[in-house]
Amino acid sequence: MDRKAMVREAFPALVVLGMVEALGGLFLSGSGAQAVPGMLAVIPALISLRGNISGSFASRLGSLAHLGIFDPKHPFSSSKEGIKAAIVMSISFSVFASLLAAAFTWLAGSIPDMAGVLTVTVLTSIVSSSILSSVAVLSVAFSFKHRIDPDNVVVPLLSTVGDLLSIVIMSVFIWLWVVFL
Amino acid sequence: MRYDDWKSIVRESAPLIALMMLIEVGGGGMLESMSEIFYAVPALLAIVPMINAIGGNAGSIVGSRLASGLHLGTIKPDFRDREVLDNMFMTGAMGMAAKFITASFLFIILPLLGIAVGLSIWTWLAITLIASAVVLGAVLPAAVLASIIAFRKEKSPDDFTIPIVSTVGDFTGILAILLAIKMVGI
């Protein structure tokens, strides 16, 4: 195995990805999440929900583009079923995750801030999945017009940008909740 | 992948997402149970996304390299294969080095943003590096195992190895941070 080539290819990517996640961490540590009982319990689920829904939406769009069903000239109308599915799942699973997180917190012996957890989770989920779905539709259309395989570029890019974006949006909502309510 | 209406997309994805939510909230519940530590040292929250990501990133690298190697026949589907061990070792070493750089960056930048770290650089590095080592120790063998199973059962690494690796990474990431905090003893 060519160890030098492997380090050359993979190490810069690992460092850059680490830095992007660290930026997310900066927002999270300044948000005051630890002051809202139940919030820490829901954070990992919220981040992974974003990845599960937007990530699979983007890779689905890539496949639909290859099949010729996704039309880059009418990007939104040809992907509306996928967008509907993403919105329905974002809202219902963020409610599900909030209830689970509140139950865990209660079982662990503290009283969860149900209104805070639910508000932050649902708002974050709606805002981040609308932004990411639109970005996914537009970037798949763009990459297809320019003959770049969306599977190689858009999907990996979206998952990194998406992680950062959802952590930032969530931190802002947590901060607003802690400061104003 | 078919051209589905939204209901069938939801039906197809919902069971797996519901399962992931249960696992992730389980991890989050452990985070919540140590909320006093995060209350005392909010800066520790900054390492959560970074430790969570290392497992997924390193696991995906090993997973895709093994998938290609297995199909090309340059790697044997065996834990004792020299190439398999080499890939695991190199990715582990690069992962640790990358976390060393990221953790040092956070230690410098957090106070500049007005978030006091309140720990010495040694404690800070010890927590991140112990946590990274624990995650990599769990994720890399899991990635190898998942790639070998994917290769034998002819499953695509995108649909099989990557989701397994990122869930293992997320879950062990939180456990690893809590373990590292306990070991270092804040």
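This structure is a prediction, so every number in the text was calculated from the model and none was measured.

Focus: the overall build of chain B
Tallying secondary structure elements over chain B gives 6 helices and 0 strands in all. Dimensions of chain B along its principal axes, counting C-alpha atoms only, are 50 × 45 × 25 Å. Every one of the 186 residues in chain B was classed for burial, and the buried ones make up 48%. Looking at chain B alone, contacts between residues at least 24 apart form 79% of all its contacts between residues at least 6 apart.

A short note on the overall build of chain A
Each helix and strand counted, chain A has 5 helices and 0 strands in total. Starting at the N terminus and walking to the C terminus, you meet the elements of chain A as α-α-α-α-α. Principal-axis analysis of the C-alpha atoms gives chain A an extent of 55 × 45 × 25 Å. Looking at chain A as a whole, 54% of its 181 residues are labelled buried. When contacts within chain A are restricted to residue pairs at least 6 apart in sequence, long-range pairs at least 24 apart make up 83% of them.

A few points about the interface of chain B and chain A
With 53 residues of chain B in contact, the opposing surface of chain A contributes 51 residues. Of all the secondary structure elements, the ones that give two or more residues to the side of chain B that touches chain A are α1 (6-33), α2 (35-40), α3 (47-72), α4 (82-112) and α6 (161-184) of chain B. Looking at the side of chain B that touches chain A element by element, the count peaks at 17 residues for α1(B). Residues of the side of chain B that touches chain A, tallied by class, amount to 35 nonpolar, 10 polar and 8 charged.

Comments concerning the nonpolar core
The biggest cluster of nonpolar side chains holds 108 residues, and the ones touching the most others in it are A:Val42, A:Ala97, A:Ala101, A:Val140, B:Met21 and B:Ala46. Per-element accounting of this core gives the leading share, 15 residues, to helix α2 (residues 39-67) of chain A. Beyond its immediate sequence surroundings of up to four residues, A:Ala101 is in contact with A:Gly38, A:Ala41, A:Val42, A:Ala45, A:Val117, B:Val25 and B:Gly28.

Description of the packing of α4(B) against helix α5 (residues 121-152) of chain B
Residue and element names in this part refer to chain B. Running from N to C, α4 and α5 cross one another at 150°; their axes reach a closest spacing of 9 Å. It follows from the interaxial angle that α4 and α5 lie roughly antiparallel. Note on packing geometry: the crossing formed by α4 with α5 is right-handed. For the pair formed by α4 and α5, the contact residues are Val-84, Met-88, Thr-91, Gly-92, Gly-95, Met-96, Lys-99, Phe-100, Ala-103 and Phe-107 on the first element and Ile-121, Trp-124, Leu-125, Thr-128, Leu-129, Ser-132, Ala-133, Leu-136, Leu-140 and Val-144 on the second. Residue composition of the contact of α4 with α5, grouped by class: 14 nonpolar, 5 polar and 1 charged.

Concerning α6(B)
Compared with an ideal rise of 1.5 Å per residue, which puts 24 residues at 34 Å, α6(B) spans 33 Å between its outermost C-alpha atoms and is within 8% of the ideal. Burial runs high along α6(B): 17 of the 24 residues are buried.

A short note on the packing of α3(B) against α4(B)
Residue and element names in this part refer to chain B. Between α3 and α4, the shortest axis-to-axis distance is 10 Å and the interhelical angle comes to 155°. Classed by the angle they form, the pair α3 and α4 counts as roughly antiparallel. Handedness of the α3/α4 crossing: right-handed. Here α3 contributes Met-50, Ile-54, Ala-58, Ile-61, Val-62, Arg-65, Leu-66 and Gly-69 to the contact with α4, which in turn contributes Glu-83, Asn-87, Met-88, Thr-91, Gly-95, Lys-99 and Thr-102. Across the contact of α3 with α4, the residue classes break down as 7 nonpolar, 5 polar and 3 charged.

Let's talk about the environment of B:Asn52
You can see B:Asn52 is positioned in helix α3. Among the residues examined, B:Asn52 registers 29 C-beta atoms within 10 Å and is labelled buried. When the C-alpha positions of B:Asn52 and B:Val84 are compared, they lie 24 Å apart, and in sequence the two are 32 residues distant. Apart from residues lying up to four places away in sequence, B:Asn52 is in contact with A:Pro44, B:Gly169, B:Asp170 and B:Gly173.

Remarks on the confidence of the model for chain B
Looking at chain B as a whole, its pLDDT mean stands at 87, while 97% of the residues score no less than 70. Across the predicted assembly, pTM comes out at 0.83 and ipTM at 0.83.

Digging into α5(B)
For α5(B), which comprises 32 residues, the first-to-last C-alpha distance of 46 Å matches the rise-based estimate of 46 Å (1.5 Å per residue) to within 8%. Positioned one or two residues after α5(B), B:Glu154 has a phi angle of 55°, which is positive.

So, the environment of B:Ser33
In this fold, B:Ser33 is placed in helix α1. With 142 residues separating them along the chain, B:Ser33 and B:Leu175 place their C-alpha atoms 12 Å apart.

About the criteria used
Residues numbered from 1 in each chain as written. Chains lettered and ligands numbered in written order. Predicted model: local features only at pLDDT ≥ 70, side-chain atom pairs only at ≥ 80, totals over all residues. Helix = DSSP H or I, 4+ residues; strand = E, 2+ residues; numbered from the N terminus. Buried ≥ 20, exposed ≤ 12 C-beta atoms within 10 Å, placed from the backbone. Contact = placed C-beta atoms within 7 Å. Nonpolar A, V, L, I, M, F, W, Y, C, P; charged D, E, K, R; others polar. Core = buried A, V, L, I, M, F, W, Y, C linked by C-beta atoms within 7 Å. Axes fitted to C-alpha atoms, helices over the stretch in contact; angles between N-to-C directions. Parallel < 35°, antiparallel > 145°, perpendicular 65-115°, else oblique. Left-handed = near helix turned anticlockwise from the far one by under 90°. Expected span 1.5 Å × (residues − 1). pLDDT = per-residue confidence, 0-100.

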